[in-house]
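For reference, the chains in residue letters:
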Amino acid sequence: MMFYTLVRKDLLLEFRAKEIIIPMFAFGLAIIMIFALSFNASQAINHAFSPGLLWIIILFISSLGLNRMFVLEKEFDAFTLTLAAPVDRGIIFLSKAISGTILLLIAEILIIPPFIIFMNLTIPSDWHIMVLILLIGDLGIMSIGAIVSGLSMRAKLSEMLLPILFFPLVSPHIIACVKSTNYWFKGLSFINWQFWIFLMISFVLVFFLLGFMIFEYITEE
Amino acid sequence: MYTINNIYKSFYHRAILEDISFKVNQGDMIALLGKNGIGKSTLLRILGKISQPDKGTILYNDANIYKEKAIARKGILYLGHDVGLYPSLSALDNLKFACAIHGKKNKDSSIISTLNQLGLSNRMNDQIQIFSKGMLQSLKYALADLIEWNILFFDEPFSYLDLKGRKSAQDYIDKWIENSKTMIFATHDAQWSLLYCSRLLLLDNRKILFDQKTNDIDINKIVKILR
């Protein structure tokens, strides 16, 4: 119940302020345009590089979204309202990771069609597997991101600290996302690349558990 | 009800609070006085579990608020010096959310009625980022009126309020006194503290200089220390 209230508040904040998805979309679109125009490559080369490019775009826009999500908590010292309430900090972490994932998925829904068009890609028919990869990938990114954002929130240079801590921590997970997307794109049977999916799931589980346990300590002054 | 034992707090290796200990009993209304930067707000943030003390324990109904589960803190309401509400949300949305996370489901009508008493019902759907500071301060009283609390920590209760706002605020405080509510206010208003509060706690030089019932205190003594 409390979890639902917190997620609803985060989504309502975005619905009212429109400060997260629109900048994520605009930034993502700008990177797609840069990639598409500067590479000017053949379809085969685009196919080979697109999984990596897609996850780089997702990584960049997620860091932008995470930053905004926590800035909205800092304005008017609003986060104290949640911190002072009788709510377990672990639940606050879970709500942040899940609402972040929902917002990132919405941004991806907006970004992936132009990515496919501008990179001139042909999508395999079993696209629902890619939805699963995106979902697990986003959960991993946002669980790591919520921990790092909570950690850097009270820091003076939080905008700088977030990418410095976030990118190295999330790299192994992003590599697994790129590998999974690449094998799916090549049409290989799942059995051949299930290791990468299990690695992604492991990341999600480890960081969700870690965040749930330590968010209490990282949010205190 | 609330027992504070040997609290220490420092920021960037500079001690702010040292060996702070006192007990709060049911129905106490305590004024926390002290010069600017002496640590009043820091102490309130520690009591409200926003800030972690370096040392010491805080017991609320015999439960250590820093070790027990969050539910052990039910009944504690912290209203800080800053607004503590979401600027992009409306007054109505903010109050609904605040009530929900404090475990109270208020109907819209009761929230609107409270906002009406404070003269804010005509602005209830506006994002609060366009509210004046006085209106934002009034919203804190609406919050305290709607949430069921046993102990209230309120930093600067009369900041930014005009005469009408101050009258409404005082009416709420009078109501809480009548209901024997327990409250701690961090304030600079020594006169108001002596008139309304039952106890006065004066912070000076990182420690509690004195903790006395207000009817035993001479205002001149306070003014002399605060100068």
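> Describe the overall build of chain A, with residues and values.
Summing up its helical and strand segments, chain A has eight helices and zero strands in all. What you see for chain A is a C-alpha radius of gyration of 18 Å, in line with the 17 Å of a compact globule of 221 residues. With respect to the three principal axes, the spread of C-alpha positions in chain A is 55 × 35 × 30 Å. In chain A, which comprises 221 residues, the share counted as buried stands at 43%. Put simply, of all contacts in chain A between residues at least 6 apart along the chain, 86% involve residues at least 24 apart.

> So what about the overall build of chain B? Which residues, and what values?
Along its length, chain B carries seven helices and 10 strands. Considered along the principal axes of its C-alpha atoms, chain B spans approximately 45 × 40 × 35 Å. Looking at chain B as a whole, 41% of its 227 residues are labelled buried. Looking at chain B alone, contacts between residues at least 24 apart form 68% of all its contacts between residues at least 6 apart.

> Can you lay out the sheet that holds strand E3 (residues 29-33) of chain B for me, pointing to particular residues and giving the numbers?
All names here are of chain B. Judged by pairing direction, the sheet is mixed, and its six strands sit side by side in the order E6-E7-E8-E3-E9-E10 without closing on themselves. A strand with exactly one partner marks an edge of an open sheet, and here the two such strands are strand E6 (76-79) and strand E10 (207-213). Pairwise comparison of adjacent strand axes, ignoring direction, gives a mean angle of 15 degrees for this sheet. The pairing of E3 with strand E8 (residues 182-186) spans four bridges and is parallel.

> With reference to specific residues and values, describe the environment of Ser88(B).
All names here are of chain B. For Ser88, the location among the structural elements is in the loop between E6 and helix H2 (91-101). Owing to 21 C-beta atoms within 10 Å, Ser88 belongs among the buried residues under this scheme. Along the backbone, Ser88 and Asp126 are 38 residues apart, and their C-alpha atoms lie at a distance of 9.0 Å.

> Which residues make up the interface of chain A and chain B, and what values go with them?
On the chain B side, the residues contacting the 23 residues of chain A number 29 residues. Secondary-structure elements contributing two or more residues to the side of chain A that touches chain B are helix H1 (2-17) and helix H4 (79-84) of chain A. No other element matches the seven residues that H1(A) contributes to the side of chain A that touches chain B. Tallied by class, the residues present in the side of chain A that touches chain B amount to 13 nonpolar, three polar and seven charged.

> Could you give me a rundown of unusual backbone geometry, with the residues and numbers involved?
A positive phi angle is found at Asp77(A), which is not glycine, with a value near 55 degrees. Mapped onto the elements of the fold, Asp77(A) is located in the loop between helix H3 (43-74) and H4. A positive phi angle, close to 65 degrees, is found at His13(B), a residue other than glycine. Relative to the helices and strands, His13(B) resides in the loop between strand E1 (2-11) and strand E2 (14-24).

> Let's hear about the nonpolar core: which residues, and what values?
Leu32(B) and Ile184(B) are the most contacted members of the largest nonpolar core, which has 125 residues in total. Among the elements that line this core, the one with the most residues is helix H5 (residues 89-118) of chain A, at 11 residues. Beyond its immediate stretch of four places on either side in the chain, Leu32(B) contacts Lys40(B), Leu43(B), Ile184(B), Phe185(B), Ala186(B), Leu201(B) and Leu203(B).

> A description of the packing of H2(B) against helix H4 (residues 133-146) of chain B should follow, citing residues and the corresponding values.
All names here are of chain B. Contact geometry for H2 and H4: axes closest at 10 Å, N-to-C directions at 35 degrees. Considering only the axes of H2 and H4, their crossing is right-handed. Counted together, Ala91, Leu95, Ala98 and Cys99 of H2 and Leu139, Ala142, Leu143 and Leu146 of H4 form the full contact between these two elements. Its residues assigned to classes, the contact of H2 with H4 comprises eight nonpolar, no polar and no charged.

> Residue-level account of the environment of Leu135(A), with values.
Among the secondary structure elements, Leu135(A) is positioned in helix H6 (residues 127-152). As for Leu135(A) and Ala85(A), which are separated by 50 residues in sequence, their C-alpha atoms are 31 Å apart.

> Describe the confidence of the model for chain B, listing the residues and the values that go with them.
Across chain B, the average pLDDT comes to 92, with 100% of residues at 70 or higher. Listed scores for the predicted complex are pTM 0.93 and ipTM 0.90.

> A description of the environment of Ile20(B) should follow, citing residues and the corresponding values.
Along the polypeptide, Ile20(B) turns up in strand E2. In this structure the C-alpha to C-alpha distance between Ile20(B) and Tyr8(B), which are 12 residues apart in sequence, comes to 6.8 Å.

> Report on the packing of H6(A) against helix H7 (residues 158-186) of chain A, specifying residues and quantitative values.
Residues and elements named next belong to chain A. Axis separation between H6 and H7 bottoms out at 9 Å; the angle between their running directions is 165 degrees. Between H6 and H7, the angle is such that the two are roughly antiparallel. The chirality of how H6 crosses H7 is right-handed. Contact with H6, carried on its side by Ile129, Met130, Ile133, Gly137, Gly140, Ile141, Ile144, Gly145, Val148, Ser149, Leu151 and Ser152, involves Ser158, Leu161, Leu162, Leu165, Phe166, Leu169, Val170, His173, Cys177, Ser180, Thr181 and Trp184 of H7 and no other residues of that element.

> Residue-level account of the sheet that holds strand E4 (residues 55-60) of chain B, with values.
All names here are of chain B. Taken together, four strands build an open sheet; the order of strands is E2-E1-E4-E5 and the sheet is antiparallel. Edge positions in the open sheet fall to E2 and strand E5 (63-64), since each of these has one partner strand only. Relative to E4, E1 is paired through five bridges, and the arrangement is antiparallel. When the sheet's bridge partners are listed, Tyr2 is paired in E4 with Tyr60. Across the face of the sheet, helix H1 (residues 40-47) comes into contact with E1, E2 and E4 while running at roughly 60 degrees to E2.

> Just give me the short version of the pairing of strand E9 (residues 199-204) of chain B, but keep the residues and values in it.
Consecutive side chains along a regular strand alternate between the two faces of the sheet. Residue and element names in this part refer to chain B. Judged by how many residues are buried, E9 sits mostly within the fold: five of six residues are covered. Relative to E9, E3 is paired through four bridges, and the arrangement is parallel. Residue pairing in the sheet places Ala31 in a bridge with Leu200 of E9. In terms of strand pairing, E9 meets E10 through six bridges, oriented antiparallel. Bridge pairing links Leu200 to Gln212 in E10.

Rules of the game
- Residues numbered from 1 in each chain as written.
- Chains lettered and ligands numbered in written order.
- Predicted model: local features only at pLDDT ≥ 70, side-chain atom pairs only at ≥ 80, totals over all residues.
- Helix = DSSP H or I, 4+ residues; strand = E, 2+ residues; numbered from the N terminus.
- Rg over C-alpha atoms; globule rule 2.2 N^0.38 Å.
- Buried ≥ 20, exposed ≤ 12 C-beta atoms within 10 Å, placed from the backbone.
- Contact = placed C-beta atoms within 7 Å.
- Pairing = 2+ DSSP bridges.
- Axes fitted to C-alpha atoms, helices over the stretch in contact; angles between N-to-C directions.
- Nonpolar A, V, L, I, M, F, W, Y, C, P; charged D, E, K, R; others polar.
- Core = buried A, V, L, I, M, F, W, Y, C linked by C-beta atoms within 7 Å.
- Left-handed = near helix turned anticlockwise from the far one by under 90°.
- pLDDT = per-residue confidence, 0-100.
- Parallel < 35°, antiparallel > 145°, perpendicular 65-115°, else oblique.

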